[in-house]
Amino acid sequence: MKLEIDWTRCDGHGFCASLLPERITLDEWGFPVIARTHIDQSELTAARRAVGTCPALALRLSSQPVDSRSSTSREVNSRPTR
Ligand code: SF4
């Protein structure tokens, strides 16, 4: 599974980082930074909880293989500037 953020929805609430701190940190503006998008089986429950908690419905889990999709997900330091 792959963790993705829809940047058009994310408002930087930060709940995802508190529920999945081993994968998500917040940048200086409070927006999430995903260290590695691939979610291991052992992290799936916490990842699903983070997805379900996002008030903006911006976080999602995709079953697509990590490298088979184009630019719908952005990893470290690739968040668009506002
Ligand atoms: S909880 Fe949702 S809206 Fe908030 S920072 Fe995470 S992805 Fe963005």
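Counting restarts for each chain: residues are numbered from 1 in the order of the written sequence. Local features in this predicted model are restricted to residues whose pLDDT is 70 or higher, and side-chain atom pairs enter the listing and the counts only when it is 80 or higher, whereas totals over whole chains, interfaces and linings include all residues.

### Description of the overall build of the chain
Consideration 1: Only DSSP runs of H or I reaching four residues or more are called helices, and only runs of E reaching two or more are called strands; each is numbered from the N terminus. Along its length, the chain carries two helices and four strands.
Consideration 2: The buried share of the chain, taken over its 82 residues, is 21%.
Consideration 3: Residue pairs are scored as contacts if the distance between their C-beta atoms, which are placed from the backbone, is within 7 Å. Restricting to contacts in the chain with at least 6 residues of sequence separation, those with at least 24 account for 65%. With C-beta atoms placed from the backbone, a residue is buried if 20 or more other C-beta atoms are within 10 Å of its own, exposed if 12 or fewer are, and partly exposed between those counts.

### A short note on the site of the ligand
Consideration 1: For each residue, a C-beta position is placed from the backbone atoms; the residue is near a molecule or strand when that point lies within 6 Å of it. Near the ligand, the surroundings consist of 13 residues, among which Cys10, His13, Cys16, Cys54 and Ala56 are the closest.
Consideration 2: Three residue categories are used. Nonpolar comprises Ala, Val, Leu, Ile, Met, Phe, Trp, Tyr, Cys and Pro, charged comprises Asp, Glu, Lys and Arg, and polar comprises the others, including Gly. Of the residues assigned to the shell around the ligand, the class counts are nine nonpolar, three polar and one charged.

### Thoughts on the confidence of the model for the chain
Consideration 1: Residues with a pLDDT of 70 or more make up 78% of the chain, whose mean pLDDT is 83.
Consideration 2: Summary of the metric used: pLDDT quantifies the predictor's per-residue confidence within the range 0 to 100. A low-confidence stretch, residues 68-78 (pLDDT under 50), is modelled with 13 contacts involving residues beyond four sequence positions or located in other chains.

### Considerations on the environment of leucine 44
Consideration 1: Positionally, leucine 44 belongs in helix H2 (residues 44-53).
Consideration 2: Assessed through the 12 C-beta atoms surrounding it within 10 Å, leucine 44 is described here as exposed.
Consideration 3: Each C-alpha atom of the pair leucine 44 and methionine 1 lies 8.2 Å from the other, and the pair is 43 residues apart in sequence.
Consideration 4: Sequence-distant contacts of leucine 44, that is, excluding residues within four places in its chain, are made with Met1 and Ile39.

### Observations concerning the nonpolar core
Consideration 1: Membership of the largest hydrophobic core is limited to twelve residues, which are Leu3, Ile5, Cys16, Ala17, Leu20, Ile24, Ile34, Ile39, Ala47, Ala50, Cys54 and Leu59.
Consideration 2: Mapped by element, the contributors of at least two residues to this core are strand S1 (2-5), helix H1 (15-19) and H2. What we call a nonpolar core is a set of buried Ala, Val, Leu, Ile, Met, Phe, Trp, Tyr and Cys residues whose membership is set by joining through C-beta atoms within 7 Å.

### A look at the pairing of S1
Consideration 1: Neither face of S1 is left uncovered, since the one carrying Lys2 and Glu4 and the one carrying Leu3 and Ile5 both have all their residues buried.
Consideration 2: Here, a strand pair is defined by DSSP locating no fewer than two bridges between the strands. Two strands pair when backbone bridges link them, and S1 and strand S4 (residues 59-62) are joined in this way by four bridges, in the antiparallel orientation. Its bridge partner being in S4, isoleucine 5 is matched across the sheet by leucine 59.

### Digging into the environment of leucine 19
Consideration 1: Looking at the secondary structure, you find leucine 19 in helix H1.
Consideration 2: Of the residues examined, leucine 19 has 19 C-beta atoms within 10 Å and is grouped as partly exposed.
Consideration 3: Along the backbone, leucine 19 and alanine 46 are 27 residues apart, and their C-alpha atoms lie at a distance of 6.7 Å.
Consideration 4: If we skip the residues at most four places from it in the chain, leucine 19 touches Ala46, Arg49, Ala50 and Thr53.

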